[in-house]
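What follows is the residue order along each chain.
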Amino acid sequence: MKLVELSTGDIAYRYEKSIVLFFAGKRKVLSTSLYNGGYREELVAVFNHDGTIGAGIGFKMLADSYDEHMRLIAQKIGLDPNKVSGMGTAANMDNVAISMLKYEDLTVTAIVTGGIEINGGRVGDPSDFYKPTEKPAKLGTINIMLVIDADMPAGAIARALVTCTEAKTAAIQELLAGSNYSYGLATGSGTDQTIVVANSMSALYMESAGKHSKLGELIGKTVIQAVKEALSKQSGLNPKNQHDVFKRLKRFQINTESLWQQYLQIVATPVIKPQFLEICEIYAKKESLVVPISLLAHLLDQFNWGLLNATECDLWLNKILMQIATEFQIELKLEQASNLKDFLTKIEAALLQLLIDKLAVEQ
């Protein structure tokens, strides 16, 4: 089906688990894909393909190498494999987000699919991938097609890619999405891909795509909007669902399961697990708990980044925890702590005490 027609005359179609952008004329393309990636001027189309076998089922490689796999995909969806570049993903193409902004004669369009709940990470996180010829274990997760209706030199297109990446990271951090590999906030997924397309037939010529340029502003706004919408569609990652104590603490490995296991060790006559999870769900969304927990999470971030020392962090952690204790009428014993592990232990103990007290009242 026809998805959208761009100001360039290019048309995006969605079919066979793919979104294909067919060019209406000559284009300059910069792609991070391993398949016909890099800077190209001979391409006639670019595509984004959902490589999963079915809902909740992983993808299957059609060849021994990723490049050959993508060539076979290109042929399958009716494209000349030598004249296109493409991206693979595990995101559903039905969850695509499209954002388009215009300023005078300049139009920028972002076409995005994404989901980082499994593969989201923070740049610099520990990694064990080294061999350059090893088959990828996962397909790309946040895939962006960025179309600029203006002609640009190759260097400016590369700068547009940088601005686009900054915008993607800004969107993820505004949602407070955590890394799956560290305590940090995510900056993307481990296999994100981006394709930037400039209209070489346009009379409009732009040499700057940085944050001080109007083009950079349009790139930032379209990408942030489209990334947020795509993440919400794909996995429910949005402000409403993030307003949750356990979403804020997930990256610190404090969750309902860890609390449940500690609860079983402490309480002589425990409730059944569904009752425990129900009380967790009730208090997870309470504003009077989400707000102080959010402050604690940022406090721990600043400690990890070296912006606060252990004494400062422990002092204000105790103050916030005591505010929680007062709000929910629970008793806490707060011992001095000087490292991240002990800080997290105090937060987890406070939450557990709150849950124990509230369950006792209900019984």
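What counts as what
- Residues numbered from 1 in each chain as written.
- Predicted model: local features only at pLDDT ≥ 70, side-chain atom pairs only at ≥ 80, totals over all residues.
- Heavy atoms only, no water.
- Helix = DSSP H or I, 4+ residues; strand = E, 2+ residues; numbered from the N terminus.
- Buried < 20%, exposed > 50% of the residue type's maximum accessible area, 1.4 Å probe, protein only.
- Contact = heavy atoms within 4.5 Å.
- Areas by Shrake-Rupley, 256 points an atom, 1.4 Å probe, with all protein chains shown as cover.
- Lys, Arg positive; Asp, Glu negative; His and termini not counted.
- Charge placed at Lys NZ, Arg CZ, Asp CG, Glu CD.
- Pairing = 2+ DSSP bridges.
- Expected span 1.5 Å × (residues − 1).
- Salt bridge = Lys/Arg side-chain N within 4 Å of Asp/Glu carboxyl O.
- Axes fitted to C-alpha atoms, helices over the stretch in contact; angles between N-to-C directions.
- Core = buried A, V, L, I, M, F, W, Y, C linked by side-chain atoms within 4.5 Å.

Undergrad: Help me out: how do you make sense of the overall build of the protein in this one?
TA: Looking only at helices and strands, the protein features 10 helices and 15 strands. Dimensions along the principal axes, computed over C-alpha positions, put the protein at roughly 70 × 45 × 40 Å. Within the protein, the fraction of its 363 residues that count as buried is 51%. Within the protein, contacts between residues separated by at least 24 positions form 73% of all contacts whose residues are at least 6 apart in sequence. Put simply, the protein shows about 17,600 Å² of open surface, and 54% of that area lies on carbon and sulfur atoms. Taking the average location of the 36 positive side-chain charges in the protein and that of its 40 negative ones, the two points are 2 Å from each other.

Undergrad: What is the right way to look at the pairing of strand E9 (residues 84–89) in this model?
TA: Two faces make up the sheet, and in a regular strand the side chains alternate between them. E9 sits mainly inside the fold: six of its six residues count as buried. In E9, alternate side chains face the same way, and those of Val84, Gly86 and Gly88 on one face and Ser85, Met87 and Thr89 on the other are all buried. Sheet topology places strand E6 (residues 45–50) next to E9; six bridges connect them, and they run parallel. Along E9, the bridge assignment pairs Asn48 with Met87.

Undergrad: Would you mind showing me how to read helix H3 (residues 214–235) here?
TA: Because each turn of an α-helix spans 3.6 residues, side chains separated by three or four positions end up pointing in the same direction. Taking 1.5 Å of rise per residue, 22 residues should cover 32 Å, and H3 covers 32 Å from first to last C-alpha, within 8% of that figure. Along H3, the positions that sit buried rather than exposed are Leu215, Gly216, Leu218, Ile219, Gly220, Thr222, Val223, Ala226, Val227, Ala230 and Leu231. Where the residues of H3 are buried, they touch strand E10 (97–103), strand E11 (106–113), strand E13 (143–148) and helix H2 (154–174). Where H3 terminates, the next one or two residues include Gly236, which has phi positive at roughly 70 degrees.

Undergrad: Explain the side chain of Lys358 here, please?
TA: Of note, Lys358 is situated in helix H10 (residues 340–362). There is no salt bridge for the buried Lys358, and the closest opposite charge comes from Asp357, which lies 6.6 Å off by N-O distance. Apart from the residues lying within four places of it in its own chain, the contact partners of Lys358 are Ile279, Tyr283 and Phe328.

Undergrad: Please explain the sheet that holds E9 as it appears in this structure.
TA: As a general point, the strands of a sheet are linked pairwise by backbone hydrogen bonds and lie either parallel or antiparallel. Taken in spatial order, the five strands line up as E1-E2-E3-E6-E9 in an open sheet, and their pairing is mixed. In this open sheet, the two edge strands, each paired with only one partner strand, are strand E1 (2–5) and E9. When strand polarity is set aside, the average angle formed by the axes of neighbouring strands in this sheet is 15 degrees. Here strand E3 (residues 18–22) pairs with E6 via five bridges, running antiparallel. Pairing of Phe22 across the sheet is with Ala45, part of E6.

Undergrad: Just to check I follow, could you spell out the nonpolar core for this structure?
TA: For soluble globular proteins, nonpolar side chains are generally found buried alongside one another. Core analysis: the largest hydrophobic core is formed by 44 residues, its most contacted members being Tyr263, Phe276, Leu289, Ile293, Leu300, Ile347 and Leu351. Mapped onto this core, the elements with two or more residues apiece are helix H5 (245–249), helix H6 (256–266), helix H7 (273–284), helix H8 (287–304), helix H9 (310–328) and H10. If one sorts the elements of this core by residue count, H10 sits on top with 11 residues. Setting aside chain neighbours within four positions, we find Ile347 in contact with Leu249, Ile254, Ile293, Leu296, Leu300, Leu317 and Leu321. Listed in part, the 37 residues of the second largest apolar core include Ile116, Ala209, Leu231 and Leu237.

Undergrad: How should I be thinking about the pattern of salt bridges in this particular structure?
TA: Note on pairing: side chains with opposite charge can pair once their charged atoms come close. Scanning all chains against the criterion turns up 18 salt bridges. With a shortest N-O distance of 3.9 Å, Arg14 and Asp94 are connected by a salt bridge. Separated by 80 residues along the polypeptide, Arg14 in strand E2 (residues 11–15) and Asp94 in the loop between E9 and E10 bring together distant segments of the chain. Looking at Arg14, the relative accessible area reads 18%, which means it is buried. Between Asp301 and Arg251 there is a salt bridge; the shortest N-O distance is 2.8 Å.

Undergrad: Where do I start with the sheet that holds strand E4 (residues 27–31) in this structure?
TA: With mixed pairing, six strands are arranged side by side in an open sheet as E5-E4-E15-E13-E11-E10. Two strands bound the open sheet, and with one partner strand each, they are strand E5 (38–40) and E10. For this sheet, the mean angle separating the axes of adjacent strands, direction not counted, is 10 degrees. Across the sheet, H3 lies against E10, E11 and E13, angled at about 160 degrees from E10, the strand it touches most.

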